Amino acid sequence: MMSIRKILQHKRDGQALDAAAIQALVSGITDGSVGDEQLGAFVMAVFLNGMDDDECVALTQAMRDSGRVLRWDDPALPGPVLDKHSTGGIGDVTSLILAPIVAACGGFVPMIAGRGLGHTGGTVDKLAAIPGYEVSPAAERFQAIVRKTGCAIIGQTDELAPADRRLYAVRDVTATVESIPLIVASILSKKLAEGLDGLVLDVKTGNGAVMTDSGQARQLARSLSEVGTLAGVRTHALLTDMSQPLADCAGNALEISEVIDCLQDRPRRDSLMALSRELAVETLVAGGLADDRDTARRKVDEAVSSGRAAERFAAMVSALGGPSDLLDHPDQYLPEAPVIRDVEAGQSGYVTDIDVRAIGLAVVDLGGGRRRAGDRIDPAVGLSGLIQIGEDAGPDRPLARVHARTADEAERAAETIRRACRIGPQRPAPPVLIGERLTSGDD
Ligand code: URA
């Protein structure tokens, strides 16, 4: 067995590591016998020299196996176990629409989601806006709910892929977060620990994405789909636009209310429903629940129009401790901010460009996200009626509506939004919402 020092030397010199070496390293990360300085050297060597797909598969599998891996075979489930993950954005609430749709189409979705990171929103923070919703149930209860209702969405647990937590903390302080193989292994190890049969990745590009460069985002999407599939889970990736907020709203309770409208077939904006639908289609195909995309589209549309997807969502909320009549009376349960005001455009013309990162940070500033780990989130605050690229701003069309705790905070957010929206005399072409689809193998 190679010593850790020898493994580091190999990687430093640009040689590929075999699965046994990677396994030894990950065991040392998990049991603490590999020190932070050695871990720092490892991630920097990977950042500088990269990893080939075989190394990345070995790293993903070793990290997946560093903790509990969910099993679904006792008794066997009557459908495939599926999930979707997004690299993060603003108004990206597709997970909450997709999971119940896939459940209504015969899949099982044990989704372990993240909290907001930087300027991006987090699925778990949105669910926490629902009174009583338990985001950290025990694994046994989580699995029982998935078996019964077809889907459950909860937060990260300490049990799944613990090696990733140490690795991520070291990456964070060594300027190596951006390494594609390390991102791939980090995302996939946690998802594969859910015991999946199929996975869909929504990789965002554009100024509101975590990875703003489209070439890099494409490389990430390709690598996620190859490595996931080589690691034994059929993995599809879509490259999608984040050059404007995806939904009408950004903010935790506001986004939940928009999800309820979408599931009740009353979408407020085409883009959120269109992307949720295509990601659900991809998930059904990856999971073998539809032979082709046209069939999958018909199933998805039927799941929404029949109300069965909304029913799955209601069942999940109620099983996890939320109100059983949330969908009938969302306004009774979702908190409302005390100050609500429109953001006047100040000039007329077409919106040509939106600084999406600034919009996300405005929501954080209102109290809807965290500046530091451990900050309390106010679920009621945020933005609604967000204007889109190509829309005509002016006296009849404000840029957004701010939901704030105080008039001062509302004014500050309004200023940020005015600066974030560029307005010009010519209507620009709308951004293309869904770009390339990356699959590996014979799909
Ligand atoms: N999300 C993760 O879970 N890990 C990364 O490295 C990047 C995004």
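Visitor: Break down the site of the ligand for me, citing the residues and quoting the values.
Guide: All residues adjacent to the ligand are Tyr168, Arg171, Ile183, Ser186, Ile187 and Lys190. Note that an oxygen atom of the ligand is positioned 2.8 Å from one of the side-chain N or O atoms of Arg171. Here Lys190 contributes a side-chain N or O atom positioned 2.5 Å from an oxygen atom of the ligand. For the ligand, whose unbound accessible area comes to 230 Å², protein coverage reaches 77%. Its residues placed into classes, the shell around the ligand shows three nonpolar, one polar and two charged.

Visitor: Which residues make up the domain arrangement of the chain, and what are the values?
Guide: Examined at the domain level, the chain breaks down into domain 1 (4–50), domain 2 (82–329 + 435–439) and domain 3 (336–424). For domain 2 versus domain 3, the distance between C-alpha centres works out to 25 Å. Contact residues are listed per partner, giving 24 residues for domain 2 and 25 residues for domain 3. Summed over both sides, the interface of domain 2 with domain 3 buries roughly 1800 Å², with 53% coming from carbon and sulfur.

Visitor: I'd like a description of the nonpolar core, backed by residues and values.
Guide: Counting residues in each nonpolar core, the largest one holds 124 residues, and the members touching the most others are Ile101, Tyr133, Ile153, Phe313, Leu399, Val402 and Ile417. Of all the elements, helix H12 (residues 270–286) adds the most residues to this core, at nine residues. Discounting chain neighbours no more than four positions away, the residues touching Tyr133 are Leu127, Ile153, Met316, Val317, Leu320, Gly321 and Gly322. If you look at the next biggest cluster of nonpolar residues, it comprises 25 residues, including Ala21, Val43, Val46 and Met63.

Visitor: Summarise the side chain of Glu194; cite the residues concerned and give the values.
Guide: In this structure, Glu194 sits in the loop between helix H9 (180–192) and strand S4 (198–205). Polar contacts involving the side chain of Glu194 include one to the main-chain amide nitrogen of Ile112, which spans 3.0 Å. When neighbours within four sequence positions are excluded, Glu194 is seen to be in contact with Leu70, Trp72, Val81, Asp83, Pro110, Met111 and Ile112.

Visitor: Outline the pattern of salt bridges, listing residues and values.
Guide: Within the structure shown, the criterion is met by 38 salt bridges. Between Asp13 and Arg12 there is a salt bridge, with the nearest N and O atoms lying 2.9 Å from each other. Looking at Arg12, the relative accessible area reads 54%, which means it is exposed. A cluster of three or more residues bridged by salt bridges with shared partners is formed by Arg277, Glu278, Asp294, Arg297 and Asp301.

Definitions and limits used
Residues numbered from 1 in each chain as written. Predicted model: local features only at pLDDT ≥ 70, side-chain atom pairs only at ≥ 80, totals over all residues. Heavy atoms only, no water. Near = heavy atom within 4 Å. Polar contact = N/O pair within 3.5 Å; in protein donor to acceptor, adjacent residues only side chain to side chain. Areas by Shrake-Rupley, 256 points an atom, 1.4 Å probe, with all protein chains shown as cover. Nonpolar A, V, L, I, M, F, W, Y, C, P; charged D, E, K, R; others polar. Domains from an automatic or database assignment. Contact = heavy atoms within 4.5 Å. Buried area = accessible area lost by both parts, 1.4 Å probe. Core = buried A, V, L, I, M, F, W, Y, C linked by side-chain atoms within 4.5 Å. Buried < 20%, exposed > 50% of the residue type's maximum accessible area, 1.4 Å probe, protein only. Helix = DSSP H or I, 4+ residues; strand = E, 2+ residues; numbered from the N terminus. Salt bridge = Lys/Arg side-chain N within 4 Å of Asp/Glu carboxyl O.

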